[in-house]
Amino acid sequence: MDNFEKHIRDHAAQFNERRADKDKMWAKISEELNQKPSKVIPLWKRPLFRVAASVLLLLGVASFFGLAVLNNNAKKTQYASKELMEIDMYYKDLVSYQVQLVRNNQNLSEENKAEFLSFMDELDAEYEVLKKEMQKNLDNEQVLEAIVSNYKKRIELIENLLHQINESKKLDEDDYGYTL
């Protein structure tokens, strides 16, 4: 047993001397009940709380619509870039193959090859401008059509050049000998 418990047991009689006065306590409680209560305004009825709740509600709605708009723009960007990527994949391979045919063609002079490649460089520069325009104006189908038209011009140029080379080959072959 520690000293505190011993002290309480030894002096238990002193603790029982005073008893609570029930009448006095009830009188104090009834006095407090009879007093006019101070005006208590619930939290949700306070003007400052209403203003704060309105601001939070407006911020929530604005952020919801802002995210919806950003998400919609991201989908448009993704769609336009996907469409552009598919066009690029198809035409770039075709154009690069045909340009390689022209570069490797021995029937063309270096001067003709240089002239042809300068036309291709101009079309490449035009393509880069169109690509930048496409990034600025995603919904513009005219820009997309212009990009496709640019690729078609390149292919047409290459095909015309290759056709002229093949025609000159046929003429040269016909002049050199007999066919048995």
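Residues numbered from 1 in each chain as written. Predicted model: local features only at pLDDT ≥ 70, side-chain atom pairs only at ≥ 80, totals over all residues. Heavy atoms only, no water.

### Considerations on the overall build of the protein chain
Filter applied, for reference: What counts as a helix is a DSSP run of H or I of at least four residues, what counts as a strand is a run of E of at least two, and both are numbered from the N terminus. Only the protein chains shown count as cover for residues, and the accessible areas themselves come from Shrake-Rupley with a 1.4 Å probe.
Broken down by element type, the protein chain carries six helices and zero strands. Carbon and sulfur atoms provide 56% of the accessible area of the protein chain, an area that totals close to 15,700 Å².

### Topic: the nonpolar core
Quick reminder of the rule: In these notes, a set of buried Ala, Val, Leu, Ile, Met, Phe, Trp, Tyr and Cys residues joined through side-chain atoms within 4.5 Å is what counts as a nonpolar core. In this scheme, a residue with accessible area under 20% of its type's maximum is buried, one over 50% is exposed, and one in between is partly exposed, where area comes from a 1.4 Å probe on protein chains only. Whether two residues are in contact is decided by their heavy atoms, any of which lying within 4.5 Å being enough.
With 22 residues, the main nonpolar core has I87, V95, V102, F116, I147, Y151 and I158 as its most contacted residues. Among the secondary structure elements, those contributing two or more residues to this core are α4 (47–104), α5 (110–136) and α6 (141–176). Sorting elements by how many residues they give to this core places α6 first, with ten residues. With sequence-adjacent residues up to four places away left out, I87 is seen in contact with L144, I147, V148 and Y151.

### Quick look at a nonpolar patch on the surface
For clarity, the cut-off: Patch building starts from residues that exceed 30% relative accessible area and form no salt bridge, then joins like charges within 9 Å and nonpolar side chains (Val, Leu, Ile, Met, Phe, Trp, Tyr) within 5 Å. Every case where a carboxyl oxygen of Asp or Glu lies within 4 Å of a side-chain nitrogen of Lys or Arg is listed as a salt bridge.
A contiguous nonpolar patch, built from V51, V55, L56 and L59 and spanning about 390 Å² of accessible area, is present on the exposed surface. Position of L59 relative to the elements: it lies in helix α4. We classify L59 as exposed; its relative accessible area is 54%.

### With respect to the confidence of the model for the protein chain
This is how it is decided: In predicted models, pLDDT denotes the confidence assigned by the predictor to each residue on a 0 to 100 scale.
When the pLDDT values of the protein chain are averaged, the result is 76; 83% of them are 70 or greater. The least confident element of the protein chain, judged by mean pLDDT, is α6 at 73; the most confident is helix α1 (residues 3–10) at 87.

### Points about the environment of V129
When you line up the elements, V129 lands in helix α5. By relative accessible area, which is 56% here, V129 ends up exposed. With 18 residues separating them along the chain, V129 and I147 place their C-alpha atoms 9.6 Å apart.

### Some details on the side chain of N150
Here N150 shows up in helix α6. For N150, a relative accessible area of 1% gives the class buried. Apart from the residues lying within four places of it in its own chain, the contact partners of N150 are L123, E126, Y127 and L130.

### Quick notes on the packing of aromatic side chains
Rules: Stacked, edge-to-face and tilted labels apply to pairs of Phe, Tyr and Trp rings (six-membered ring for Trp) whose centres lie within 6.5 Å, assigned for plane angles under 30 degrees, over 60, and everything in between, in that order.
Tallied over the full model, the rule gives one aromatic pair. On the numbers, 5.5 Å between centres and 70 degrees between planes, the contact of F64 with F65 is edge-to-face.

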